[in-house]
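# Close look at the chain arrangement
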Amino acid sequence: MSDPSSPKPNVEPLSRVQVLIAMGVTAVVLLLFARLWLFFDTSAVLLPLQWSGLALLVGIGTGLGITAASALMYRIWEAYRKSADYYLELVIRPLALPDLIWLGLLPGMSEELLFRGVMLPALGLTWFGLILSSLCFGILHFSGSQQWPYVVWATVIGVVLGLSALLSGNLLVPIVAHITTNLISSCVWKLRNE
C-alpha cells in the first residue's frame, strides 16, 4: 500500500505507452551518445564485456547487495523514501508487471554501457574517473529540485557499480547488477503499491 505522506507527482501522469517509449528513447540516446563518444574520442576504449558464470554471479550478488542497501535507506532515510516514491510513482505506476522486464534491461544495458563502459575508461580508471562518472550517473536520475535525495543515492550506487567494473575489469558485472537491482526493486515497489 502506498504511503499517504509520500508526495504524488504534480505533473500529468504518463501512460504506460508513454513510459515505455520514454525508456526506449532514453536507451537509444544513451547508446548513441556512447557510440559517438567512442567515434570522436579515438583514445577511448570500451571496458571489456566478457561472458562468464563468475561475472554473472558477482553481478547478481552486487545487485542483491545494492537492492538490500536501497531497502535499508528507504526505511531509515525519510527524504530518500519520499524522493524514491515520487520517482517510482512516475515511472512504475503506469507499467504492467511484465513491462518491468524492460525497466530492468533497457537502463541496465544502456546506462552501464555509457557510464561504466565508455565514460569511466575515457576519464581514467581512477578515483577521479569513478567519482565523475558516478556524479553524471546521479544527475541522469534528477527529476526535480525536491528529489535531490534520489540523485544522491543514484550517485552512491554509481560508485558501487563503477567499483564493480574497476575490480572485475568486466562490464558484464555492473550490467547484471543494474538489471538485478532494477528488476527486484521495481517488482517489489509495484506489488506493494498496487
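Predicted, not measured: the structure shown is a model, and the values here were computed from it. (Residues numbered from 1 in each chain as written. Predicted model: local features only at pLDDT ≥ 70, side-chain atom pairs only at ≥ 80, totals over all residues. Heavy atoms only, no water.)

## Examining the confidence of the model for the chain
Taken residue by residue, the chain gives an average pLDDT of 92. The fraction at 70 or more is 94%. Confidence, read as mean pLDDT per element, is least for helix α3 (residues 78-91) in the chain (91) and greatest for helix α2 (residues 53-76) (97). (pLDDT = per-residue confidence, 0-100. Helix = DSSP H or I, 4+ residues; strand = E, 2+ residues; numbered from the N terminus.)

## Digging into the packing of α2 against α3
In contact at an axis separation of 5 Å, α2 and α3 are set at 110° when each is read in the N-to-C sense. On the basis of the axis angle, α2 is roughly perpendicular to α3. Note on element contacts: α3 touches α2 through E78, Y80, R81, A84 and D85, opposite S70, M73, Y74, R75 and I76. (Axes fitted to C-alpha atoms, helices over the stretch in contact; angles between N-to-C directions. Parallel < 35°, antiparallel > 145°, perpendicular 65-115°, else oblique. Contact = heavy atoms within 4.5 Å.)

## Here's the deal with the packing of aromatic side chains
Scanning all chains against the criterion turns up eight aromatic pairs. With centroids separated by 6.1 Å and ring planes inclined at 90°, the aromatic side chains of F33 and W37 adopt a geometry described as edge-to-face. Of this pair, F33 and W37 both sit in helix α1 (residues 16-40), four residues apart, roughly one helical turn. Overall, F33 belongs to the partly exposed group, its relative accessible area being 44%. Taken together, a centroid distance of 5.8 Å and an interplanar angle of 55° make the contact between Y80 and W153 tilted. Taken as a pair, Y80 in helix α3 and W153 in helix α6 (residues 148-168) lie far apart in primary sequence, 73 residues in all. On the basis of relative accessible area, W153 is assigned to the buried category, the value being 12%. Among the aromatic side chains, those forming a connected cluster through ring pairs are W77, Y80, Y87, W148, Y150 and W153. (Phe/Tyr/Trp six-rings, centres within 6.5 Å; stacked < 30°, edge-to-face > 60°. Buried < 20%, exposed > 50% of the residue type's maximum accessible area, 1.4 Å probe, protein only.)

## Observations regarding the packing of α3 against α6
Where α3 meets α6, the closest approach of the two axes is 7 Å, and the angle between their N-to-C directions is 95°. Taken as axis vectors, α3 and α6 run roughly perpendicular relative to one another. Facing α3, whose interface residues are A79, Y80, S83, A84 and Y87, α6 presents W148, P149, Y150 and W153. Taken together, the residues of the contact of α3 with α6 break down into eight nonpolar, one polar and no charged. (Nonpolar A, V, L, I, M, F, W, Y, C, P; charged D, E, K, R; others polar.)

## Quick notes on the side chain of T67
Locating T67 in the fold gives a position in helix α2. Judged by its relative accessible area of 13%, T67 is buried. In this view, T67 contacts T180, T181, I184 and S185; residues no more than four positions away in its chain are not counted.

## As for the pattern of salt bridges
What the rule picks out here adds up to four salt bridges. Across the pair E78 and K82 runs a salt bridge whose closest N-O atoms are separated by 3.1 Å. Of the two residues, E78 and K82 are both situated in helix α3; the distance of four residues between them amounts to about one turn of the helix. You can call E78 partly exposed: its relative accessible area is 43%. The partner of R116 in a salt bridge is E112, and the shortest N-O contact between them spans 2.7 Å. With R116 and E112 both in helix α4 (residues 100-123) and four residues apart, the pair spans about one turn of that helix. For the pair R116 and E112, a shared accessibility class is recorded, and that class is buried. (Salt bridge = Lys/Arg side-chain N within 4 Å of Asp/Glu carboxyl O.)

## Structural notes on helix α5 (residues 127-140)
In a regular helix each residue adds 1.5 Å, so 14 residues correspond to 20 Å; α5 covers 20 Å between its end C-alpha atoms and thus fits that length. Taken together, the buried positions of α5 are occupied by G129, L130, S133, S134, F137 and G138. The arc enclosing the buried residues of α5, seen along the axis, measures out at 160°, which places them on a common side. Exposed residues lying more than 90 degrees from the buried face of α5 are F128 and I139. (Expected span 1.5 Å × (residues − 1). Arc of directions from axis to C-beta.)

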